[in-house]
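# Commentary on secondary and tertiary structure
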Amino acid sequence: MAYTPLGAPLGVLPDSLTFTITDPFGSDLPTLRIEYTKHGRRFPLLETKPEVAVEWWDEPAGEWREPLNARFHVVKRSWNSKDDGAQARTYEAVHVGWLGRKARVWTGENMNSDGKRQFNAANAGTIVGTIFDDAQGRGWGPGLSRTFTATHDSAGQPWADEVTLAFEPSADLHSVIAAVVEQGMADVAWDGRALHLYNADTTLGRDLTTGDAPVWVRHNDGVTSAPEQGSIEDLVTFVRLVGDAGATWDVDNPGADTTYGRLEGYATQSGVTDEGTAALLIEQELAAGADERVQFTREFHTASATVVPWRNYRPGDWVWVDREDEDGVLVRERSRVVQISLTADAEGVSGHTTLGTRLDDLLARLARRTASVTGGATPGGAGGSPSPVSPTIPDGPDSRVPADAAGLTASSDAYTDVYGFAQARVVLDWADVTTDTEGVLLAVRGYEVWTRVGSGEWSQVTTTVASDVALSPLPTGQAREYRVRAVSDSYVAGGWSNVRAVTTAKDTTPPPAPSKPILTSRMGVVTATWNGSPAMPADFARVVIEVSSNMGLTWRAVGEVTERTGGSVPITGLPYDTAVMARARAYDRVGNVSTSETTLLSKVDRIVGGDLELNSVKANNLAAGAVDGMVVTGATVRTAETGQRVVLDTEGLRAFPASGSARTTISAATGRLTAVDAEVSGTVTAGTPTGYRVVVSEDTTYGGAVVGFYQAASKTGTITSWQGGGVRMAGMQRTIIGADADGTGTTAMWLDVTSSAGGYEANVRSRTGILLQTGNGHRVKVSGGLEATDLRVLVGGVQRQVLMPVFAKRYSTADQRTTSGGDYAIVTLNGAVDQQGIGWEAGYFFRIQHPGVYLCQGSVVWERNTRNRRAIRFVGPAGAFAEVGVPSTALDANGATHTITTTQRFNAGDWLYMDAFQNAAQDLSLLSGVANTWVAITKIGE
C-alpha cells in the first residue's frame with residue numbers, strides 16, 4: 001500500500017515482481033526491498049519515493065492488516081537500462097523510524113554545565129517523549145505520533161525504571177531510543193507512524209508456549225529447511241577480569257567443556273571496582289564460553305504452514321520449536337523469535353524465522369545489566385568524570401559550597417558469586433555537580449555515598465570520583481536507602497541529594513533445563529540417568545528426577561543427582577508392562593527451578609527366567625517397601641517353613657496348625673473353602689450371589705440371627721431368632737412359634753391344633769392364653785381384638801379366600817406409619833396381583849387379583865376415622881382394564897350366584913369408591929346405600 005510521505009494513502013501496488021521485508025527485535029530498524037516492473041500498475045507512484053506499508057491478509061477477519069514495524073519510506077532506487085525487456089527497478093526502503101535519526105536532542109531545558117541535556121531520575125517515557133515533542137515543536141515529523149506518556153507506557157502500565165542520563169545536543173532521537181532499550185528500560189515498536197514504548201519484556205515479550213493453544217513451529221508444518229550452525233570458538237574454562245585501579249578477578253568455568261584442557265579468557269573493563277559488576281561481566285564471559293554457541297533458523301512456505309509470522313507470532317515472542325536432541329530425536333525447545341523475514345513473489349509467500357536460545361537471551365540481559373556501569377548507557381559522555389573546568393578561584397582557601405547533588409536513581413540486581421551463593425548489588429546514578437551553589441564553575445574532587453538499612457543510622461559506604469557507582473556484595477531482599485553529596489577540591493561538602501529507597505534484588509533466575517533423562521528397564525527396576533548436559537551455573541544445587549505413570553497428569557520425585565557431571569537414579573515400585581514418563585528439573589541454591597523435557601519409556605520390564613538364581617533373594621536382601629505395589633508371579637509365599645504357618649502356592653491358600661495337616665484350605669483349582677472348626681462372623685451366603693441362596697445375617701430388629709431364603713432377587717422365607725430363645729418363621733409353608741412349650745417363659749409362644757365339633761381348631765397360645773384361634777365355623781378370632789364371621793370371597797360359589805377385618809397400622813402418608821388403632825383394612829391370605837402385575841389394590845398395601853372375585857360392599861376396604869373413605873384402585877400396565885358388575889338383588893348368606901345386570905369399565909389407576917359422597921366423577925353410585933351388596937369383577941384384560 002502506497003502513501004504520500006507522512007500523508008494520505010495513494011493505493012495498492014499490485015504488480016511487484018518480488019519484495020522482502022526483514023523485521024528484527026530490538027532497536028535495530030526493519031528494512032524493505034521491492035522489485036517492480038516498469039509496466040506494472042501504479043508504477044509511477046514508486047518513482048515519487050512514496051511511503052509504503054506492507055500488509056497481510058487476515059482470512060478469519062476477511063481484511064488486510066498492517067503488522068507492527070511495517071511502514072517504510074522509499075529512499076533508494078536502482079535499475080539496469082539494458083535488461084531483458086522487463087525494465088524492472090529495485091527500490092530500497094527504510095523504516096519510518098529512520099526519521100528519528102533526523103531529530104536531534106538539540107538544546108533546551110535541563111542543560112548541564114557541560115552543555116549536555118540532563119535527565120535526572122527519569123523514566124523512558126520522560127526522556128524519549130521530551131526529545132520527541134521538542135523536535136516536533138521545531139517542525140520535525142509531521143504526521144508522527146507517540147502512544148506513551150511520562151507516567152505510563154503504551155500498554156497503560158506505569159513505568160518501572162528510572163535513570164539519570166545526559167545527552168550531547170548532537171545525539172539523535174533514534175540513539176536515545178536505542179539507549180533506553182539497551183539499558184533494559186523499554187522495548188520499542190512502531191504501529192504505522194505511531195511510536196510505541198513498553199516496559200521491557202512485557203507486551204513485546206509474549207510467552208506463547210503456555211495456554212490451551214501454544215504456538216509450536218514444527219518440522220512437519222510447512223518448514224522447508226532448518227539450518228543450524230554451532231561454534232566453540234568462544235569456549236573458555238578460566239576467565240580473568242581486570243577493572244579499575246588494578247582490581248582483578250579470576251574465575252573457573254565449572255560447566256565448560258575441558259576436552260582441550262585449560263582455555264583462558266582475559267577481559268578488561270574500566271569503571272569496574274566492585275565484586276557484583278565484575279561477577280556480572282564474568283558471568284557473560286562464562287556463559288558465552290561454557291558450551292557450543294548455536295544459531296538456527298526455520299525456513300518455510302506459507303502455503304503449507306499453519307504457524308506463520310504475524311498471524312501466529314511476531315519478533316520478541318517466545319514459542320516452541322522442534323529441534324533434535326543428542327540422539328537425533330525431535331524435541332520441542334522454548335525459543336525467542338529474534339527476527340522474521342518474508343518474501344512475496346510469483347510462487348507465493350516464503351521466508352525464514354531466526355530464533356534465539358535461552359543462552360542468547362541470558363547474554364542480552366547480562367549486557368543490559370552491566371551497561372550503566374561500563375558506559376554502554378551513557379550516550380554523549382554522561383556518567384563519566386566531569387570535564388576539566390577552569391574556575392575562578394579566589395585568593396586563599398576556596399570555601400565555596402558545591403551545589404546539591406541531584407537526580408539520584410537506584411536499581412538493584414542479583415548475581416552469583418564465585419562460591420555459588422546469591423548476592424545483590426545496587427547501582428546508583430546521579431547528575432554531575434560542576435558548580436557551586438551560586439552557579440559558578442567549581443572543581444569537584446568526588447562524591448560521598450551514604451546508606452542506611454531500613455530506618456537505621458546513616459553511614460558512609462564509599463567515595464567515588466564518577467557520578468555513578470555500583471555497590472556489592474549486599475544481602476538479597478534487604479530494604480536500604482541511599483543519598484550522595486559532592487565534595488570540592490577544598491574538601492567542602494555540598495548539600496545532600498534526594499534520598500532513594502531500594503530493596504536489594506533476589507535471585508530469580510532458574511538454572512537451564514537439564515537434558516532429557518535416559519531411561520532403561522531391567523528386572524522391574526527403571527533407571528533414569530542425567531548426562532550432565534548442559535553446563536550448570538555456579539549456584540547449581542541438584543537435579544531432581546520425577547516420574548509419572550499416568551502420562552503426565554501427576555508427577556512424583558524419585559531421587560536426585562547432586563553432581564554437576566550427571567548421575568543415575570533407580571526407580572522402583574512401578575507396575576509391570578506400563579508406560580512411564582520421566583523428567584529432570586534443575587534447582588539452584590535458593591530454590592529456583594528449571595523447565596524440563598520428558599522421556600517416555602514404553603513399558604516396565606518384568607523379572608523373567610534367568611534374571612535371578614535360586615534362593616538368591618531373601619528377606620534381608622530387600623529394603624522395606626521394596627516390593628510394595630509389585631506383582632509377583634509363580635512364587636510360593638509362606639510365613640514359615642514348618643509348624644504353624646500360612647502357605648500361598650499353586651495349590652491355593654492353606655493354614656496349618658503347629659502340627660498336622662492344613663485345617664483351612666481354599667483350593668486354587670475349584671475355589672472351594674474347606675475349614676475345620678471354623679468361626680465365621682458377619683453375613684454368610686450359601687448358593688449363587690444373586691440366585692437361589694440362603695443368607696445368614698444379624699437380626700438388627702430383634703437381635704440374634706436371621707436366616708433368609710431367596711429365589712433370585714426375592715426373599716421367599718425367613719427364620720428369625722426371637723428374644724427369649726424363640727424362632728420366628730415367615731413366608732414358609734408351616735410356622736413354629738416358641739421355644740418354651742411348658743409356658744413358663746415370659747415370651748414363650750406355641751401353636752397347637754385340636755379337634756372340635758365338625759373339624760379342627762388351631763390356636764396360637766402364650767403363657768397368658770390363646771392369642772389367635774381359627775375353626776371350622778368360618779371364623780377367625782383375634783384375642784383382644786375384633787371378631788368377624790361369615791366374611792367371604794367367593795369364586796364361582798366356592799370359598800377361595802378368607803377376609804379378616806383386623807387392627808391395622810395407620811398410614812398418615814404413603815411412607816410413614818404408626819401403630820395406633822382406629823384404622824381398618826381387609827387382609828387376604830393368598831396373594832396380590834397376578835404375574836402380569838394386574839389386579840386390585842386397596843389403600844397403600846392391599847391387593848386382590850383375578851376375575852370372579854366378589855367384594856362385599858359392607859366390607860371395609862380402607863377406612864379412616866376422619867373421612868370414612870372406602871375405595872380400591874385398579875392397577876396394572878398401560879392398557880390393562882377391569883369390568884365391574886353389581887347383582888340385581890342382595891346375595892344370600894350361602895353365597896348363591898346372581899346374574900350381573902350392570903357393568904362399568906376401569907382402566908389402570910382408576911379408583912372404585914364405595915360411598916356416594918366421594919368424587920362423583922369416579923363414584924360407582926349404584927353401590928351407595930345398598931346394604932349387603934356384592935361387587936363382582938367380571939373381566940380383567942389388557
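Bear in mind that the values here come from a model prediction, so they are computed numbers and not experimental data. (Residues numbered from 1 in each chain as written. Predicted model: local features only at pLDDT ≥ 70, side-chain atom pairs only at ≥ 80, totals over all residues. Heavy atoms only, no water.)

## Some thoughts on the overall build of the protein chain
Broken down by element type, the protein chain carries 5 helices and 68 strands. Going through the 942 residues of the protein chain one by one, you find that 40% of them count as buried. By sequence separation, contacts in the protein chain at least 24 residues apart represent 58% of the contacts at least 6 residues apart. Looking at the protein chain as shown, the accessible area adds up to about 48500 Å², and 50% of this sits on carbon and sulfur atoms. (Helix = DSSP H or I, 4+ residues; strand = E, 2+ residues; numbered from the N terminus. Buried < 20%, exposed > 50% of the residue type's maximum accessible area, 1.4 Å probe, protein only. Contact = heavy atoms within 4.5 Å. Areas by Shrake-Rupley, 256 points an atom, 1.4 Å probe, with all protein chains shown as cover.)

## Remarks on the sheet that holds strand 34 (residues 540-548)
Strands sit in the order 35-34-37-38 across an open sheet of 4 strands; the sheet is antiparallel. With one partner strand each, in any of the chains shown, strand 35 (556-561) and strand 38 (598-601) form the two edges of the open sheet. Mean inter-strand twist for the sheet, computed between neighbouring axes without regard to direction, equals 25 degrees. (Pairing = 2+ DSSP bridges. Axes fitted to C-alpha atoms, helices over the stretch in contact; angles between N-to-C directions.)

## Concerning unusual backbone geometry
Along the chain, Ser472 connects to Pro473 via a cis peptide bond; the corresponding omega equals -5 degrees. Relative to the assigned elements, Pro473 resides in strand 29 (residues 468-474). Put simply, Ser533 and Pro534 share a cis peptide bond, and its omega is -10 degrees. As for its placement among the helices and strands, Pro534 is situated in the loop between strand 33 (525-530) and strand 34. Its identity is not glycine, yet Lys49 carries a phi of approximately 55 degrees, on the positive side. With respect to the element layout, Lys49 can be found in the loop between helix 1 (43-47) and strand 5 (51-53). The exposure class assigned to Lys49 is partly exposed, which follows from its relative accessible area of 40%. Phi is positive for Tyr491, which is not a glycine, with a value near 65 degrees. Within the secondary structure layout, Tyr491 lies in the loop between strand 30 (479-488) and strand 31 (500-503).

## Let's talk about the sheet that holds strand 29
Reading across the sheet, the 3 strands line up as 25-26-29 and stay open at both edges, with antiparallel pairing between neighbours. Bordering the open sheet on either side are strand 25 (409-416) and strand 29, each of which pairs with just one other strand. On average, adjacent strands in this sheet sit at an angle of 20 degrees to one another, irrespective of strand direction.

## Brief notes about the pattern of salt bridges
Side-chain pairs of opposite charge can arise whenever the charged atoms involved come near each other. Across all of its chains, the model carries 31 salt bridges by this definition. Across the pair Arg585 and Glu546 runs a salt bridge, and its minimum N-O distance is 3.2 Å. One end of the pair, Arg585, is in strand 37 (residues 580-588); the other, Glu546, is in strand 34, with 39 residues separating them in the sequence. Each of Glu51, Glu66, Arg71 and Arg193 takes part in a single network of salt bridges with overlapping partners. (Salt bridge = Lys/Arg side-chain N within 4 Å of Asp/Glu carboxyl O.)

## Regarding the side chain of Asp153
Residue placement: Asp153 occurs in the loop between strand 11 (145-146) and strand 12 (163-167). Although buried, Asp153 forms no salt bridge, and the nearest oppositely charged side chain, Arg314, lies 11 Å from it. At a separation of 2.9 Å, a polar atom in the side chain of Asp153 contacts the main-chain amide nitrogen of Ala155. Only 3.1 Å separates the side chain of Asp153 from the backbone nitrogen of Asn199, close enough to count as a polar contact. The residues contacting Asp153, other than those within four sequence positions of it, are Thr147, Phe148, Trp159, Leu197, Tyr198 and Asn199. (Lys, Arg positive; Asp, Glu negative; His and termini not counted. Polar contact = N/O pair within 3.5 Å; in protein donor to acceptor, adjacent residues only side chain to side chain.)

## Let's talk about the confidence of the model for the protein chain
Here the protein chain shows a mean pLDDT of 74. Residues at 70 or above account for 66%. Of the regions scoring below 50 in pLDDT, residues 731-737 engages in 14 contacts with residues more than four places distant in sequence or in other chains. This stretch, residues 739-745, has a pLDDT under 50; its non-local contacts, to residues over four places away or in other chains, come to 13 contacts. (pLDDT = per-residue confidence, 0-100.)

## A look at the nonpolar core
Looking at soluble globular proteins, one finds that nonpolar side chains tend to be buried together. One finds Ile21, Leu32, Tyr313 and Val319 to be the most contacted residues of the largest nonpolar core, which totals 33 residues. At the level of elements, strand 4 (31-37), helix 1, strand 8 (71-79), strand 9 (88-95), strand 21 (293-301), strand 22 (318-324) and strand 23 (330-345) are the ones that each hand at least two residues to this core. Excluding anything up to four places from it in sequence, Tyr313 contacts Arg206, Leu208, Val215, Val217, Phe300, Val307, Val308, Val319, Val337, Ile340 and Thr353. (Core = buried A, V, L, I, M, F, W, Y, C linked by side-chain atoms within 4.5 Å.)

## Quick notes on the pairing of strand 13 (residues 186-191)
Counted residue by residue, strand 13 has 5 buried out of 6 residues, so it is predominantly covered. In this sheet, strand 14 (residues 194-199) lies alongside strand 13 in antiparallel orientation, the contact comprising 6 bridges. Directly across from Trp190, in strand 14, lies its bridge partner Leu195. Once strand 13 ends, the chain turns through 2 residues before running back antiparallel as strand 14, passing Gly192 with a positive phi of about 65 degrees.

## Description of the side chain of Thr435
Among the secondary structure elements, Thr435 is positioned in the loop between strand 26 (422-429) and strand 27 (444-453). With residues near it in sequence (within four places) discarded, Thr435 still touches Ser113, Pro402, Ala403, Val440, Leu441 and Leu442.

## Considering empty space enclosed by the protein
Tallied over the entire structure, the rule returns 3 cavities of 30 Å³ or more. In this structure, the second largest cavity occupies an estimated 50 Å³ of space. Val217, Asp221, Val223, Arg298, Phe300, Val307, Tyr313 and Thr353 are the residues that line the second largest cavity. (1 Å grid on protein atoms, 1.4 Å probe; cavity = no way out; pocket = protein on both sides within 12 Å on 5 of 7 lines; lining within 4 Å. Points joined across faces, edges and corners; volume = space filled by probe spheres on them.)

## Considering helix 3 (residues 173-182)
One turn of the α-helix equals 3.6 residues, which is why residues spaced by three or four share an orientation. Among the 10 residues in helix 3, 8 count as buried, and that is most of the element. When we look at burial in helix 3, the residues that qualify are Leu173, His174, Val176, Ile177, Ala178, Ala179, Val180 and Val181. The N-cap residue of helix 3 is Asp172: its side-chain oxygen and the backbone nitrogen of His174 are 3.0 Å apart. Once helix 3 ends, the next one or two residues include Gly184, with phi positive near 80 degrees.

## Considerations on helix 2 (residues 124-137)
Here helix 2 contains 14 residues, and its C-alpha end-to-end distance of 20 Å stays within 8% of the 20 Å for a straight helix at 1.5 Å per residue. The complete set of buried residues in helix 2 reads Ala124, Gly125, Ile127, Val128, Gly129, Ile131, Phe132 and Ala135. On its buried face, helix 2 is in contact with strand 10 (117-122), strand 11, strand 12, helix 3, strand 13 and strand 14. Its side-chain oxygen 3.0 Å from the backbone nitrogen of Gly125, Asn123 forms the N-cap of helix 2. (Expected span 1.5 Å × (residues − 1).)

## Some details on a nonpolar patch on the surface
On the surface, Val637, Val646, Leu648, Leu653, Ile666 and Leu673 cluster together to form a nonpolar patch covering roughly 490 Å² of accessible area. Within the secondary structure layout, Val646 lies in strand 40 (residues 645-649). (Patch = residues over 30% accessible without salt bridge, like charges linked within 9 Å, V, L, I, M, F, W, Y side chains within 5 Å.)

## With respect to the packing of helix 2 against helix 3
The contact between helix 2 and helix 3 brings their axes to 10 Å, and the two run at 175 degrees. In terms of orientation, helix 2 and helix 3 fall into the roughly antiparallel class. Residue-level inspection shows Ala124, Ile127, Val128, Ile131 and Phe132 of helix 2 in contact with helix 3, the latter providing Leu173, Val176, Ile177 and Val180. Grouping the constituent residues of the contact of helix 2 with helix 3 by class yields 9 nonpolar, no polar and no charged. (Parallel < 35°, antiparallel > 145°, perpendicular 65-115°, else oblique. Nonpolar A, V, L, I, M, F, W, Y, C, P; charged D, E, K, R; others polar.)

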